[in-house]
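Chain by chain, the residues run as shown.
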Amino acid sequence: KMAALISGVHRRLKSSETPWKEKLKLGRMAWKSRRVVLPRREQVLLDWAATTLIQHYANKSALEEPILREMWLFLEDILESTRLKSLAQSGSIFLNSSFNQVFTATLSSACQPKTTQIDFIPTVLHCMEAILAQPTLAAILLSRYDTCVEMLRPMLCLAIQLSNATILESLPALLSLLVTVLQKCTSLQRQQHRHTKVFHSVCEELLAPAVCCCWVLKNHVDHSKVPSCTMSDVIVKIQEHLQQSLFAREHAAAFEKHLCDTKDSQTPGYKGVELLFQQLDLLVKNKGDANMSKTCALPAGGMEDAVLQYLPVAFNSFLTSPACADISRTGFAMLQTLCGLALPLPGENDAETEDLEEEDSMDVDIDLEDKGKVAGTAQEKRLIATRDLLQTALDLNVYRALDDTASGGNQLAWLQQVLNTLLQIPPPDTAAKLDCVRLLLDMNHHIVAPRLRDIWTCAWLMLDKAVDPAIQESQDKLLCSLLETYAKLRQVDTLLLAMLDAVLRNQDQLSVSKTFPPVTLQRWCELVQDLPIGLAMDIWHRMLNKLQEQCRPGVEKPHLECTPACLEQMTTVLCLFLLHLRLWDVNMTSPMATRVEQLMTSTCTTVISPLFKLCLQTKQMDEHLHFAALHLCHTWCQLQMLSTYLQGSKHSETAPGLGVSEEWWDFSLQYPDMSPEDWSVLCHKLLKTDSKRIRYVLEMLCLQKVKMLGMLSSSYEEDTVRRRVQNAISFATEIHASDEDGKSWDGQVTSVTSDNYPTAHLYLVCSHIGLIAPRCTQDQLVPLAHYLLQTLVSGKSCSQTAGCVTRAMISEHLLQSPAYLELLPMQEAMITAVSRGLADTVKSSKKTAVVRLFVKAVQEISDETVKDTAQMWKSVRLPAVSLQDLQKEVETNLTKDLSEEQLQNVFQYCKVLKQLPLDCLSDVSSARCIISSLAVDCLITALPNMSDCAADVKRANLVVLRDVMVGQKKTSLWQSLDAAVTMKGLFISISRLTFNQLEEAPLDTALKDIYQDLMYNLLWSVVRSPEGTSALPAYTAHLCEALQRLLEPHAPQNWCLLDGLFISAGCTMSAGLMVMQNKLKVPAAQGEIIASCTRKLSTTVVTLIERITCQQPWVELPAIMTAMSAALRVQMADAQVDEDWTPLIQQKISWLEHLLTLMQDNVQKIHSCLSFLKTAAGGVPKWQAILPDKFEPTVYSLVERVLLWVYPISTEDPSGSTSPKDLKDVTAEAEALLLIVCRCSQPEEFSTYIQGLQRHLDCHTTVCAGLQLWQLVLKEEWKDEKKDTLNKILPQLVLQVQGILQKSSSTVVVEDVLKDVVIPGLLTTAALLQAGQETLPDHVAGAALHGCLRVPLESQPGSCFAATFNAVCRVLTSLLIHHTRVARNVIPSLMACCRTLLVALVHKGRQDKAGTGTVDPADVVLCAGDFERLVSALLQKVDLTRTAAFLVAEYVSELQHGTLHPEVKKSLVPPVYLLLDVCGTHGSKLLATALDPGLREIYKTLHTDYDRYHKYRGKI
């Protein structure tokens, strides 16, 4: 039965007598139930809800909050319903035009403090979103511009409030709506005819909330909850709307009149564009709309911060808008106005500032320190705004260096006024302040020239060393900019004199001497080195005059006109200048050399000598004075020594300057103007103090004296010189032991303190290690080596800053330096120190037998040895005996665990040994190093538990042993060591590891490889030594016995031990095979012993392998396969191979087929199996009878599967279980085996193989492997029928490869496609072209260029650019060399390819390129070398007289778009010069006339350098 219909609902909804709860119930029933009779249901209910909300917010009928919330929810249900959306799309639904006031009032109410309506804001936003989603409803809601502006203000305020509220999830929806309303408002704004009204409404209504909204979104929103891209889009939309509203074309005249006119001529009562600046001024002073600040809940000072952040944006918007008619006039006036707001100039707004301070002092009561911090923060923000304004002006070239006219003079004067204001800001200086000064310098150096001295004061002299990284970076930029600017102006003398003037003016405030930060110091060195020698002499002379003015010699007593600290600073600047001068050049003229000598003499007589006299006359030591004298003296002596070295000694052969005293303090050899007695008095006085800077300079003088003695002493003075050298070195290298690690040091002499002196002293010693070590005894070198070890092993952390060094860094750098690697005495001392360190580390453990024997062995190693070689060998034998006792003890007893700290120290000692030149050590040092390492290995082997740290020690220790054995094949070791005991000990060591550690963990897999390399090199030296060979039978018998014992029926299955045994067996047979095949010449008797042991071991291995494979055919270790290969090679060499090998070979083929089902997890096993099959196949046809049936096709199929799998993944990042080395080894073995099978195959089989390779190119999954397989085949030289078979298919193959490249051209920028298809395709093309013109027709060879033309090199990813570039060059070079006739007929295509290569090089080699897709400059340099070789081949084979100029023009054109990296430009110039050689006079004139005017200057510079440095003129 049908339910009864309900009517009268609409009347009851309209009735004022119906309660609101009942109305809501009726409304929902009418919406949901079909029983309610209500015509045009959707429109009626929408009108009722909208009208109700309009009346509520118009205060005609107030609703209670629960009713209001339910009404919004009811409206949300209606708007989001499918029925209403379909009606709205058809235009059958309408919205009350006054409903926009509801949204405006609701959003405004939600912004009020302590409002409760914030809770249903999500519902309101959903309603608004639903309305704006329907074009018909949105057009009604946003029909007028005024309506949009009224709605935007509360939306902006609400966005600010939601950013700090708990309902942050509503912010993305609000931002999306805000963008929609902004777009509609901008569209309506274009239709407005009264632009002044728009300007005023934006300034008065939207400017403040819009600016604050951008500031909050940028700085105070959690990016994890709101996507940063969303906020960025909103900020951009807001800024665009403000730009179009405020800076429209119609306001251009008003802005120009307001900004540029000097007199105010505005119409009374008319508000023009000055309203914008008035609003900005009020907002900056926090005098704007106070209600908005409370409504938006902005933090204190938030309004000011927001406006300061907006000022640079407004400036950039104005400059790029039509409102800026003249960027150099109106734009600069805007800069003045906005800078006046951000950084008030003196005399401006003083009254307002004072009023603001008074208001602040009344409102908040804080202490002076906090108030200073707040003021400093506010000042920093103003400086940041000023910096951004100046940066924008510099980027857009607002200030132009005009003539000294009224306009240009006013602009320059104003910029100088800005600089004065910046310099008046009291310290501490900030990064923004330094950046502002730098930007003013970049605009025009005339701005900073009058205040250069003050700039040096604030940016260098009075700036603390310990500053924030941001301030340090800004300081480096400013100082480097100063140096570069005045270097270009050739006014370096002005710059340096300003530095000295700054020092003199602030001498009372100086306490320590200042040098440059590391980055600036590097730029300073480059500047000084590049100075013309004449200008350098002038600067030197003027700096001497400055110093002479401060150091008056006096008749009886010298005196200073400045403070000692000021004198030290001035001498420091002079030393920094002199130390980096490039003097005494081979091209120096005689007059210039004479002037240099005069300046050297003047420096000595007028400055250094008076300073020393003053030092001698003072009773109390003044550190500044004495340091200045010694530092300048050392610098002068350094220059004098350089002069002596380059120009020849002026001393006589007897070198009378050696003096009388042999003590270290006699420096009269370097500085003869002071007698040895005066030096003695001065040095004794200096040493009574505790100044580390003074001691450091004295140590520098001592080492300098050692250099001079080596240069000037004669042969008959050797004893005297030796004593002087020993005394000087003893003082300079005296080790001051300290438990505390020294602090980091910046490398400057003036920065040495008590805290960083250990670091500075170690740096001094290590930097002169090549001078010290050859002249020191072992007694002196061992403490130094021990000191170096402590810095590396202790692991103490110290404070470190950028550009500074620590003791650990210095020690690490020394161990890797070329000087250290060539000093045998230092290496011997290091081995001694390591041995002592090992003994001291383990000595504290519990005294077990193993520990006692270990300590005994390493202590005997560290004992000092005599110089006689025979006695040295005797001293090595004693610890060798102790080592053998230790190895025997390890077999039966296990010691207790070492602590983690002890293991870590042992690991650090092993790392130090790894950094020695182990392959170049002397025989005695090698023996001592081997004994120490074997002792460590025995100790680690004896541990009951193998921890991660112990495994690290074992791996590092085995690496040391391997590297010692690699170099010179230490056959003399076995004169002292027992080879059998040594190899047995290593075997015990590797066998004590657990199976899981050895087989599964990647690190321990690497450990197996290390052990295998070690055993091979060890056995190589054993078979070359008679003593080692005599121990080989005993070792072989032990190895065979251990193998047989392990495979007994009831023996435990220790696969780790089995692996170690077969590794040892395989290495032994490989070494013996070298002797049996006469690849290693040994005496006959020795060879018989080795051959007998090798045959015995091979027989044992073959027998055991048969038993293993019968019992467990699928459980095979790679070492077993390696031993099988070695045994097979031994039996082939002895011609003892029989049919017993046939089932083994067949089994390995089946095993390989099984392994290929799980390739990723069996890479090493596949490699060992391929190696064995390669050995078996290598015996064909001699051993054809032992091979199974269909051996060649079966193996070819399997190897092809391996390569099809390994080629694609070799171009990708391998997984953690597969290392690149394993893949490379598998690839090499598979390729070698494939070629062996192809060589031994019949012509019919070879043809089948080739056709199969061609089919791989048709499948997109195998095209990568197919291309690489073709490269492999084409590298081989085939003969007879196989060559004919291959040549028939090559033309078709060329066209097929070009088709593949053409298909890949659309996705050529994809990295995977490049690695898998494009690069292999180009390399295959190059290999095909090398077949020659007899094989490939001309039209086929010419088609090879299509692949090169299809590759857009400019868009290549950085990781693939070099490989792709090289592949294209190889194709072009192959075409030029092997198909010269074709190349001469396709010159346009060749030139197009060369143009693409050249443009790509310039594009990728620019300095301004940054990001993940950029190319390393080193790779671009290599590519430039490829291009040079290509151009050279091109010029030899093809006539480019008429076309070379076009390539040069392309190069010149690309240079204007960016600066090339210096190394890239240096490598690109040679090929361009080669092209200029071909251009000739005609091409040069063509370029000079055809290029654009801007490019002619670039070409002129290029051609001038070409004429000067490259062009051949018929002379040599």
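In case you missed it, the structure is sitting above this.
Every chain is numbered independently, its residues counted from 1 as its sequence is written. Reporting of local features is limited, given that this is a predicted model, to residues whose pLDDT is at least 70; pairs of side-chain atoms are given and counted only at 80 or more, and all residues count toward the totals for whole chains, interfaces and linings. Only hydrogens and water are removed before side-chain values are computed, so all heavy atoms of the structure are retained for them.

Participant: Is there a simple way to explain the overall build of the protein in this structure?
Facilitator: Think of it this way: any DSSP run of H or I at least four residues long counts as a helix, any run of E at least two long counts as a strand, and we number them from the N terminus. When its secondary structure is counted, the protein shows 69 helices and two strands. For every residue, the accessible area obtained with a 1.4 Å probe (protein chains only) is divided by the maximum for its type, and the residue is called buried under 20%, exposed over 50%, and partly exposed between those limits. Out of the 1516 residues belonging to the protein, those deemed buried represent 54%. The contact definition used throughout considers only heavy atoms, calling two residues in contact when any of these lie within 4.5 Å. Sequence separation of 24 or more characterises 79% of the internal contacts of the protein that already satisfy a separation of 6 or more. Carbon together with sulfur atoms contributes 51% to the accessible area of the protein, which is approximately 67100 Å² in total. We get accessible surface area from the Shrake-Rupley algorithm with a probe of 1.4 Å; when it comes to residues, only the shown protein chains can shield them.

Participant: How should the packing of helix α16 (residues 302-319) against helix α17 (residues 330-342) be read in this particular structure?
Facilitator: Geometry of a packed helix pair, given as the angle between the helix axes and the separation of the axes. A fitted line through C-alpha atoms represents every axis, and for helices the fit uses only the stretch in contact; the resulting angles, taken between N-to-C directions, go from 0 to 180 degrees. Where α16 meets α17, the closest approach of the two axes is 10 Å, and the angle between their N-to-C directions is 175°. Judged by the angle between their axes, α16 and α17 are roughly antiparallel. In this structure, α16 uses Leu 308, Leu 311, Phe 315, Phe 318 and Leu 319 to contact α17, whose residues at the interface are Thr 330, Gly 331, Met 334, Leu 335, Leu 338, Leu 341 and Ala 342. Here the contact of α16 with α17 is built from residues that sort into ten nonpolar, two polar and no charged. If an angle is under 35 degrees, it is roughly parallel; if it is over 145, roughly antiparallel; if it lies from 65 to 115, roughly perpendicular; otherwise it is oblique. For this classification, the nonpolar set comprises Ala, Val, Leu, Ile, Met, Phe, Trp, Tyr, Cys and Pro, the charged set comprises Asp, Glu, Lys and Arg, and every other residue, Gly included, is treated as polar.

Participant: I would appreciate a short explanation of the environment of Gly 1321 in the present structure.
Facilitator: If you trace the backbone, Gly 1321 turns up in helix α60 (residues 1311-1329). Take Gly 1321: its relative accessible area is 1%, and that puts it in the buried class. Beyond its immediate sequence surroundings of up to four residues, Gly 1321 is in contact with Leu 1267, Val 1297 and Leu 1301.

Participant: What should I look at first to understand helix α7 (residues 121-132) in this one?
Facilitator: Three- or four-residue spacings in an α-helix give side chains the same orientation, since the helix completes a turn every 3.6 residues. A helix is expected to reach a length of 1.5 Å times the quantity of its residues less one. With twelve residues, α7 extends 16 Å between its outermost C-alpha atoms, agreeing within 8% with the 16 Å of an ideal straight helix rising 1.5 Å per residue. Extensive coverage of α7 is indicated by the burial of nine of its twelve residues.

Participant: For this particular structure, what's the right way to read the packing of helix α58 (residues 1263-1275) against helix α59 (residues 1280-1303)?
Facilitator: Between α58 and α59, whose axes approach to 13 Å, the crossing angle comes to 145°. Seen from above, α58 lies across α59 with left-handed handedness. Along the contact surface, α58 presents Val 1263, Leu 1267, Trp 1270, Val 1273 and Leu 1274, while α59 presents Leu 1286, Ile 1289, Leu 1290, Leu 1293, Val 1297 and Ile 1300. Of the residues that constitute the contact of α58 with α59, the class distribution is eleven nonpolar, no polar and no charged. Should the near helix be turned counterclockwise from the far one by less than a right angle, the crossing is left-handed, whereas a clockwise turn marks it as right-handed.

Participant: Please explain the nonpolar core as it appears in this structure.
Facilitator: Throughout this description, the term nonpolar core refers to a set of buried Ala, Val, Leu, Ile, Met, Phe, Trp, Tyr and Cys residues connected via side-chain atoms within 4.5 Å. In terms of nonpolar packing, the biggest core is built from 522 residues, with Trp 72, Phe 99, Trp 456 and Phe 577 touching the most fellow members. A total of 15 residues in this core trace back to one element, the largest contributor, which is helix α11 (residues 195-219). Excluding residues that lie within four positions of it along the chain, Trp 456 makes contacts with Leu 461, Leu 479, Leu 482, Leu 483, Leu 495, Ala 498, Met 499, Ala 502 and Phe 516.

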